[in-house]
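Listed here are the chains, written in short residue letters.
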Amino acid sequence: MSQVRIIDDSDGAIVEYFSEFLAPGDRSALLAELAQARDRFDRDRVLMYGKTIDSPRMVCAFGDDGLHYRYAGVDRTTHPWPPQLRAARDRIAAVCGHPFNYALVNLYQTGDDYIGWHADKVSDLVAGSSIASLSLGAVRPFQLRHKSSSATHEVMLASGSLLVMRGTCQQFYKHSLPRRRGVTEPRFNITFRHVRSGG
Ligand SMILES: O=C(O)CCC(=O)C(=O)O
Ligand SMILES: [Fe+2]
């Protein structure tokens, strides 16, 4: 596993990338587990420019009992932690130095699925906690863009890699996973978050 610092700003935004965070055996075990939960995934109904549309990706949430995390007007049911996801969560917590109680899983079935420019909502998260993003399946480019300078960074997110966004990242940067025509393989992405209880 190698560790690269993608962003380390005077503003306090930090983004780190760990290639091969998950060994191939753990990767396929987690992929199989997520594939098994496939019927729990569905598209969010999101409000965009005054219209409600289906999100261009499928979504499923896992987490501790009774947790709520609302984003883009969506409040999803949280499923209990399956074993492989729980094991990955615990390894990521050890690297980040704090626990995680929520995982939002995106399924991009082909290169036509994407997530547009946004910053993650941090007001419901424990102050100072990281957002840790684990990728499985198709390799897709991930972009980060500074909100005022527009300085842009692109990282190819390999299967089994971990990207950690922390510090003031969400305050100063937006991120996106653009469409990638020609990609026919699915990609799962799991963002682990530490949601404030009662939030
Ligand atoms: O799929 C990714 O790599 C990013 C997902 C993301 O930004 C999100 O779920 O908020
Ligand atoms: Fe995000």
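Procedures and definitions
- Residues numbered from 1 in each chain as written.
- Chains lettered and ligands numbered in written order.
- Predicted model: local features only at pLDDT ≥ 70, side-chain atom pairs only at ≥ 80, totals over all residues.
- Heavy atoms only, no water.
- Buried < 20%, exposed > 50% of the residue type's maximum accessible area, 1.4 Å probe, protein only.
- Helix = DSSP H or I, 4+ residues; strand = E, 2+ residues; numbered from the N terminus.
- Donors = N, O, S within 2.8 Å, 3.2 Å for Na, K, Ca; no water.
- Near = heavy atom within 4 Å.
- Polar contact = N/O pair within 3.5 Å; in protein donor to acceptor, adjacent residues only side chain to side chain.
- Areas by Shrake-Rupley, 256 points an atom, 1.4 Å probe, with all protein chains shown as cover.
- Nonpolar A, V, L, I, M, F, W, Y, C, P; charged D, E, K, R; others polar.

- For the protein, the name recorded in an unreviewed UniProt entry is Alpha-ketoglutarate-dependent dioxygenase AlkB, with Nannocystis radixulma as its organism.

## A word on unusual backbone geometry
Phase 1 of the analysis: Despite not being glycine, Glu20 shows a phi value in the positive range, around 45°.
Phase 2 of the analysis: By relative accessible area, which is 54% here, Glu20 ends up exposed.
Phase 3 of the analysis: Unlike most non-glycine residues, Ser150 shows phi in positive territory, near 65°.
Phase 4 of the analysis: Among the secondary structure elements, Ser150 is positioned in the loop between strand 12 (140-146) and strand 13 (152-157).
Phase 5 of the analysis: The exposure class assigned to Ser150 is partly exposed, which follows from its relative accessible area of 42%.

## Remarks on the coordination of the iron ion (ligand 2)
Phase 1 of the analysis: Taken together, the protein donors to the iron ion (ligand 2) comprise His118 (NE2), Asp120 (OD) and His175 (NE2), at separations of 2.1 Å.
Phase 2 of the analysis: Ordering the donors of the iron ion (ligand 2) by residue number gives the pattern H-x1-D-x54-H. Of this pair, His118 sits in strand 10 (residues 115-118) while His175 sits in strand 15 (residues 173-177), placing them 57 residues apart in sequence.
Phase 3 of the analysis: With a relative accessible area of 21%, His118 lands in the partly exposed category.
Phase 4 of the analysis: On the accessibility criterion, His175 (4% relative accessible area) is buried.

## Here we look at the site of ligand 1
Phase 1 of the analysis: For ligand 1, the full set of nearby residues is Asn106, Tyr108, Ile115, His118, Asp120, Phe142, Leu157, His175, Arg187, Asn189 and Arg193.
Phase 2 of the analysis: Measuring from an oxygen atom of ligand 1, one finds a side-chain N or O atom of Asp120 at 3.1 Å.
Phase 3 of the analysis: Residue Arg187 places a side-chain N or O atom 2.8 Å away from an oxygen atom belonging to ligand 1.
Phase 4 of the analysis: Within the complex, 96% of the 300 Å² of free accessible area of ligand 1 lies under protein.
Phase 5 of the analysis: Elements supplying a minimum of two residues to the shell around ligand 1: strand 9 (102-108), strand 10 and strand 16 (187-193).
Phase 6 of the analysis: Counting residues per element, the shell around ligand 1 draws most heavily on strand 16, which supplies three residues.
Phase 7 of the analysis: In the shell around ligand 1, the residues fall into four nonpolar, four polar and three charged.

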